[in-house]
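Take a look at the letters that make up each chain.
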Amino acid sequence: MVRRRQLSFGAVRGAGTVWFVREGEDSPAPSGADGRRSVPFWSCAACAARAVDMRGRGLWVESMPLDAWCEGVLPAMNRVGLLVASIGPRAASGGVELRRR
């Protein structure tokens, strides 16, 4: 059984880095049960690498500074209606909406 870990905002804040996977020029954004698309992010490289190993070819792991994620990626995702994937046993809808305070 593969254990999935949720994005740990404490770990991301501490490291100052967000990890994600790429596929071509984009990141995969699968649809959840409610039909909304969400992009997965991880708090460690190993967790993102496991996702690549499970999914297979054509994906690779990249990182991004937390500031760039908060200032660039999250607002862009919000504009087009993408959610941040909530991966783990408590994930109900498959994604969460994040808004900067």
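Calculation criteria
- Residues numbered from 1 in each chain as written.
- Predicted model: local features only at pLDDT ≥ 70, side-chain atom pairs only at ≥ 80, totals over all residues.
- Heavy atoms only, no water.
- Helix = DSSP H or I, 4+ residues; strand = E, 2+ residues; numbered from the N terminus.
- Buried < 20%, exposed > 50% of the residue type's maximum accessible area, 1.4 Å probe, protein only.
- Contact = heavy atoms within 4.5 Å.
- Areas by Shrake-Rupley, 256 points an atom, 1.4 Å probe, with all protein chains shown as cover.
- Phe/Tyr/Trp six-rings, centres within 6.5 Å; stacked < 30°, edge-to-face > 60°.
- Arc of directions from axis to C-beta.
- Expected span 1.5 Å × (residues − 1).
- Bend = angle between axes of the 7 residues up to and from the residue.
- pLDDT = per-residue confidence, 0-100.

Brief notes about the overall build of the chain
Scanning the chain for helices and strands turns up three helices and five strands. The order of helices and strands in the chain, counted from the N terminus, is α-β-β-α-β-α-β-β. Per-residue burial over the chain gives 32% buried out of 101 residues. Taking the intrachain contacts of the chain between residues at least 6 apart in sequence as the baseline, contacts between residues at least 24 apart amount to 67%. With an accessible surface of roughly 6,600 Å², the chain has 51% of that area assigned to carbon and sulfur atoms.

With respect to the packing of aromatic side chains
In this structure the tally under the stated criterion is two aromatic pairs. Judged by centre distance (5.2 Å) and plane angle (65 degrees), the ring pair of F41 and W69 falls under edge-to-face. Highlighted residues: F41 in the loop between β2 (38-39) and α2 (45-55) and W69 in helix α3 (residues 66-80), separated in sequence by 28 residues. As far as burial versus exposure is concerned, F41 and W69 are alike and both buried. What links up through ring pairs into an aromatic cluster is the set F20, F41 and W69.

A short note on α2
Those residues of α2 that fall on the buried side of the exposure criterion are C47, A48, A51 and V52. Take α2 and look down its axis: the buried residues cluster within an arc of 145 degrees, on one side only. For α2, the secondary structure elements touched by its buried residues are β1 (17-22) and β3 (60-65). Of the residues trailing α2, G56 is marked for its positive phi of about 105 degrees.

A word on α3
Taking 1.5 Å per residue as the helical rise, α3 with its 15 residues ought to reach 21 Å, and the 20 Å between its terminal C-alpha atoms agrees with that figure. Of all bends in α3, the biggest is about 30 degrees, found at V73, and the proline P75 comes one to four residues later. By the burial criterion, the buried members of α3 are L66, W69, C70, L74 and M77.

Some points on the confidence of the model for the chain
On average, residues of the chain score 76 in pLDDT, and 74% of them reach the 70 mark or higher. Taking the mean pLDDT of every element in the chain, the minimum, 50, falls on strand β5 (residues 95-96) and the maximum, 92, on β3.

Describing the environment of W42
Counting through the fold element by element, W42 comes out in the loop between β2 and α2. What makes W42 buried here is its relative accessible area of 7%. Distance in space between the C-alpha atoms of W42 and A85 is 9.2 Å, their sequence separation being 43 residues.

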